[in-house]
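# Topology and contacts: notes
So the chains spell out like this:
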Amino acid sequence: MPISPQLNAEIRVLTLFNLDSAMEGIKVHKSADTDTLAAIKRLYEKGLVTQEDGGYLTDLGIHCAEHLQTALRILNGAAQPA
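Calculation notes
Residues numbered from 1 in each chain as written. Predicted model: local features only at pLDDT ≥ 70, side-chain atom pairs only at ≥ 80, totals over all residues. Heavy atoms only, no water. Helix = DSSP H or I, 4+ residues; strand = E, 2+ residues; numbered from the N terminus. Buried < 20%, exposed > 50% of the residue type's maximum accessible area, 1.4 Å probe, protein only. Areas by Shrake-Rupley, 256 points an atom, 1.4 Å probe, with all protein chains shown as cover. Lys, Arg positive; Asp, Glu negative; His and termini not counted. Charge placed at Lys NZ, Arg CZ, Asp CG, Glu CD. Polar contact = N/O pair within 3.5 Å; in protein donor to acceptor, adjacent residues only side chain to side chain. Contact = heavy atoms within 4.5 Å. Pairing = 2+ DSSP bridges. Axes fitted to C-alpha atoms, helices over the stretch in contact; angles between N-to-C directions.

### So, the overall build of the protein chain
Helix and strand counts for the protein chain stand at three helices and three strands. Across the protein chain, helices and strands are ordered from the amino to the carboxyl terminus as α-β-α-β-β-α. Projecting the C-alpha coordinates of the protein chain onto the three principal axes gives extents of approximately 40 × 25 × 25 Å. Residue burial in the protein chain is summarised as follows: out of 82 residues, 27% are buried. Accessible surface computed for the protein chain: about 5800 Å², of which carbon and sulfur atoms make up 58%. Where the 7 positive side-chain charges of the protein chain centre and where its 10 negative ones centre are 5 Å apart.

This is how it looks when you write it as structure tokens:
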């Protein structure tokens, strides 16, 4: 499955969330780059975040971000020399 630039931007935004605290969200300011603004809006439309400018992860968003961050840790560890 190829990763489109739009999906890559959504992944990048999801990695910004601190999964150690459900009470810690993010706010994407209007001055952010257009890719990030569009990504956070798509995540909101998909039901992964609570607000169009970020907010908190929904239950679905937490589930998605946990899997995403786990996959990235595995891939980053595999990319390091043995």
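### Re the side chain of Thr-36
Turning to its location among the elements, Thr-36 is positioned in helix α2 (residues 34–45). A polar contact of 3.0 Å, which involves the side chain of Thr-36, links it to the side chain of Arg-12. Residues contacting Thr-36, with those up to four places away along its chain left out, are Arg-12, Val-13 and Val-28.

### Brief notes about the sheet that holds strand β2 (residues 49–51)
Spatially, three strands are ordered β1-β3-β2 in an open sheet, and the strand pairing comes out antiparallel. Single-partner strands in this sheet number two, and they are β1 (26–27) and β2. Bridge count between β1 and strand β3 (residues 54–57): two bridges; the pairing is antiparallel. Paired with Ile-26 across the strands is Gly-55, a residue of β3. Here α2 sits on the sheet and contacts β1, β2 and β3; the angle it forms with β2, its principal contact strand, is near 105°.

### Comments concerning the environment of Leu-48
Relative to the helices and strands, Leu-48 resides in the loop between α2 and β2. Accessibility expressed as a relative area gives 9% for Leu-48, which makes it buried. Between the C-alpha atom of Leu-48 and that of Ile-62, which follows or precedes it by 14 residues, the distance is 7.6 Å. The residues touching Leu-48, leaving out its near neighbours within four places in the chain, are Leu-43, Tyr-56, Leu-57, Thr-58, Leu-60, Gly-61 and Cys-64.

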